[in-house]
Amino acid sequence: MALRAPTGTTDLLPEQAHAWNSIRTVALATFGLYGYQPIETPVFEQLEVFVRGIGDATDVVGKEMFLTFSQHAVEKIASGEKPSLADTLALRPEQTAGVARAIAQHNLVPPEAATLKLVYAGSMFRHERPQKGRLREFHQIGAECIGSAEPSADAEVIIMLMRFFESLGIPQDAMRLLINSMGDDDCRPAYREQVRAYILAHTTELCDECVRRADTNPLRSFDCKNPKCQEIMTDAPAITDALCPSCAAHYTTVKSLLDDAAITYVEQPCLVRGLDYYTRTVFEVQVVDGLGAQNAIGGGGRYDKLIAEFGGKPTPGLGFAVGFERIVLALQAAGAEGYALPHPQVYIAAVDASTRAMAFSLANRLRDVGIATELDHQSRSLKSQFKQAGRSGALFVVIVGPDEMARGVVTLRNMQSSEEQTVPLDDLVEKVSTTI
Ligand code: HAM
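Novice: Please set out the packing of helix H7 (residues 188–200) against helix H8 (residues 208–216) residue by residue, giving values where relevant.
Specialist: At a minimum axis distance of 9 Å, the contact between H7 and H8 shows a crossing angle of 150°. You can see that H7 and H8 cross each other, and the crossing is left-handed. On H8, the residues touching Arg192, Arg196, Ile199 and Leu200 of H7 are Cys210, Val211, Ala214, Asp215 and Thr216. Residues that form the contact of H7 with H8 fall into these classes: five nonpolar, one polar and three charged.

Rendered as structure tokens:
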């Protein structure tokens, strides 16, 4: 049987791969305006990075990890021993934990350092049930702003995210920005207790998992996909009523800075996000129409405890990630133009075998000065080379014939106007460069 890509993965064929590169380029350019620098971390990490960073009571770590064992662990398992935690590796389900681990490991934010701003892009892996906009291998672009606890950092990150979506061509009115504050160590423990008590008072109406979560991670019940649970949790105590004065002031300033920047948002007290590292501000951008259940095109928040969790100095931070596959769906839903593959500017057609070497050499000369050039490598007839040239979208065709070659000239044909002119071989590069 012919082999296929694993369930929940997709091949990024040239058009999609080009869209991925283009969106990444827009991200780097947009985030560059705000001072972001690139970082790459491993695609797999010790499982412990995700358990400690994201939390084992989350769906992402508790249910959706792709685990793998080092050879050392395999040998241990084969000899009846248990592999150590350090031998257990996992494909990254997101990159914030890996970036925080790298920041702690390399002490990237020494005291007195300016805010460190990092951008990354790559594949993430979650063993979810695949559906439209939900894959097991998907692509994220993320940004992390490290070192500031100030609300202005939160507002800047959110503004940058919205500007990025707009510059991709997703209209403002096609998106909904949800925001919330999740409090901190001063106010969240008491709030968790309130939610736990609420869950325990509604055990007959909530699903078994929500009831189980009452003791492990009650706030996760806000994320339950069961419609009945969602309805019950709407009336649960709201975190915004339970924030301590400093969290409340932080949240108020974030909102007022967003107001000043004319960013429209919806306050969503139930927004807890599916990762346990968040403190204070959290946010999510949803597409209003066309994406069904998987309508979040990006999300993020603050994580002031995460870097210390990896042994680094306590360093506040926040960031977001956006999902490439969902952005493409959002662009389609908005009727935006896709990312057409670039086409050659020039096609060189060899009239017969005697002129192929010259055609080959001219193609190289044009490419060397930055002109995208294509030519035939299948010994096709002149007629089919013309067809290829037409299909390729080339603006010009250079026809290299034996008689012309003997005279030291070629024919340059403008594919739009069909106008042809004879150009000395030695002037071709100059002529094409100045005409294109
Ligand atoms: P997240 O909300 O889990 O956050 O993922 C961010 C985005 O990745 C989602 O909004 C969605 O567009 C996309 N995404 C997530 N899962 C899938 C999937 N299975 N298939 C397709 N797309 C998906 C994070 O990952 C955090 N690390 C964001 C962050 C950065 N928070 C702070 N800094």
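From this point, the narrative continues.
Novice: Please provide a residue-by-residue account of the sheet that holds strand S7 (residues 175–181), values included.
Specialist: Across the sheet, which stays open at both edges, the eight strands sit in the order S1-S5-S6-S11-S10-S9-S7-S8 with mixed pairing between neighbours. Edge positions in the open sheet fall to strand S1 (37–38) and strand S8 (266–267), since each of these has one partner strand only. Inspection of the sheet shows S1 paired to strand S5 (residues 116–125) by two bridges, in the parallel sense. In the strand pairing of S5, Pro38 is matched with Val119.

Novice: Lay out the site of the ligand in plain terms, naming residues and giving numbers.
Specialist: Not every one of the 26 residues close to the ligand is listed here, only the nearest: Glu94, Thr96, Glu128, Tyr278 and Ala296. In this structure, a nitrogen atom belonging to the ligand sits 2.6 Å away from a side-chain N or O atom of Tyr278. Contact distances for the ligand include 3.3 Å between a nitrogen atom and a backbone N or O atom of Phe320. For the ligand, the accessible surface in isolation is 650 Å², of which the surrounding protein chains cover 96%. Residue assignment for the shell around the ligand shows that the elements contributing at least two residues are strand S6 (137–146), strand S10 (296–302) and strand S11 (317–323). By residue number, the principal contributor to the shell around the ligand is S10, which donates six residues. Here the shell around the ligand is composed, by residue class, of 10 nonpolar, nine polar and seven charged.

Novice: Which residues make up a nonpolar patch on the surface, and what values go with them?
Specialist: Where nonpolar side chains cluster on the molecular surface, the patch consists of Phe69, Val74 and Ile77 and spans about 240 Å² of accessible area. Within the secondary structure layout, Ile77 lies in helix H4 (residues 71–78). Using a relative accessible area of 42% as the deciding quantity, one classes Ile77 as partly exposed.

Novice: Which residues make up the pattern of salt bridges, and what values do they have?
Specialist: As enumerated under the stated definition, the model contains 22 salt bridges in all. The closest approach of N and O atoms between Lys76 and Asp87, which form a salt bridge, is 3.3 Å. Taken together, the positions of Lys76 in helix H4 and Asp87 in the loop between H4 and strand S4 (88–91) put the pair 11 residues apart, joining distant regions of the chain. Residue Lys76 is classed as buried on the basis of its relative accessible area, which comes to 17%. Arg302 is paired through a salt bridge with Asp154; the nearest N and O atoms lie 2.6 Å apart. Taken together, the positions of Arg302 in strand S10 and Asp154 in helix H6 (residues 151–168) put the pair 148 residues apart, joining distant regions of the chain. Residue classification places Arg302 among the buried residues on the basis of a relative accessible area of 0%. Looking at Asp154, the relative accessible area reads 0%, which means it is buried.

Novice: Explain the sheet that holds strand S2 (residues 44–46) to me, using residue names and the numbers behind them.
Specialist: Two pairing modes exist for strands in a sheet, parallel and antiparallel, and in both the strands are linked by backbone hydrogen bonds. Taken in spatial order, the three strands make up an open sheet running S2-S4-S3, and their pairing is antiparallel. Of all the strands in the sheet, the pair left with one neighbour each is S2 and strand S3 (67–69). Direction aside, the axes of adjacent strands within the sheet are offset by 35° on average. Alignment of S2 against S4, held across three bridges, turns out to be antiparallel. Bridge pairing in S4 links Glu45 to Ala90.

Novice: Describe unusual backbone geometry, naming the residues involved and giving the relevant values.
Specialist: Even without being a glycine, Asn107 presents a positive backbone phi close to 45°. Summarising the element assignment, Asn107 is placed in the loop between helix H5 (96–105) and S5. One non-glycine residue with positive phi stands out, namely Ser379, at about 50°. Structurally, Ser379 is set in the loop between strand S13 (373–375) and helix H14 (382–392).

Rules used throughout
Residues numbered from 1 in each chain as written. Predicted model: local features only at pLDDT ≥ 70, side-chain atom pairs only at ≥ 80, totals over all residues. Heavy atoms only, no water. Axes fitted to C-alpha atoms, helices over the stretch in contact; angles between N-to-C directions. Helix = DSSP H or I, 4+ residues; strand = E, 2+ residues; numbered from the N terminus. Left-handed = near helix turned anticlockwise from the far one by under 90°. Contact = heavy atoms within 4.5 Å. Nonpolar A, V, L, I, M, F, W, Y, C, P; charged D, E, K, R; others polar. Pairing = 2+ DSSP bridges. Near = heavy atom within 4 Å. Polar contact = N/O pair within 3.5 Å; in protein donor to acceptor, adjacent residues only side chain to side chain. Areas by Shrake-Rupley, 256 points an atom, 1.4 Å probe, with all protein chains shown as cover. Patch = residues over 30% accessible without salt bridge, like charges linked within 9 Å, V, L, I, M, F, W, Y side chains within 5 Å. Salt bridge = Lys/Arg side-chain N within 4 Å of Asp/Glu carboxyl O. Buried < 20%, exposed > 50% of the residue type's maximum accessible area, 1.4 Å probe, protein only.

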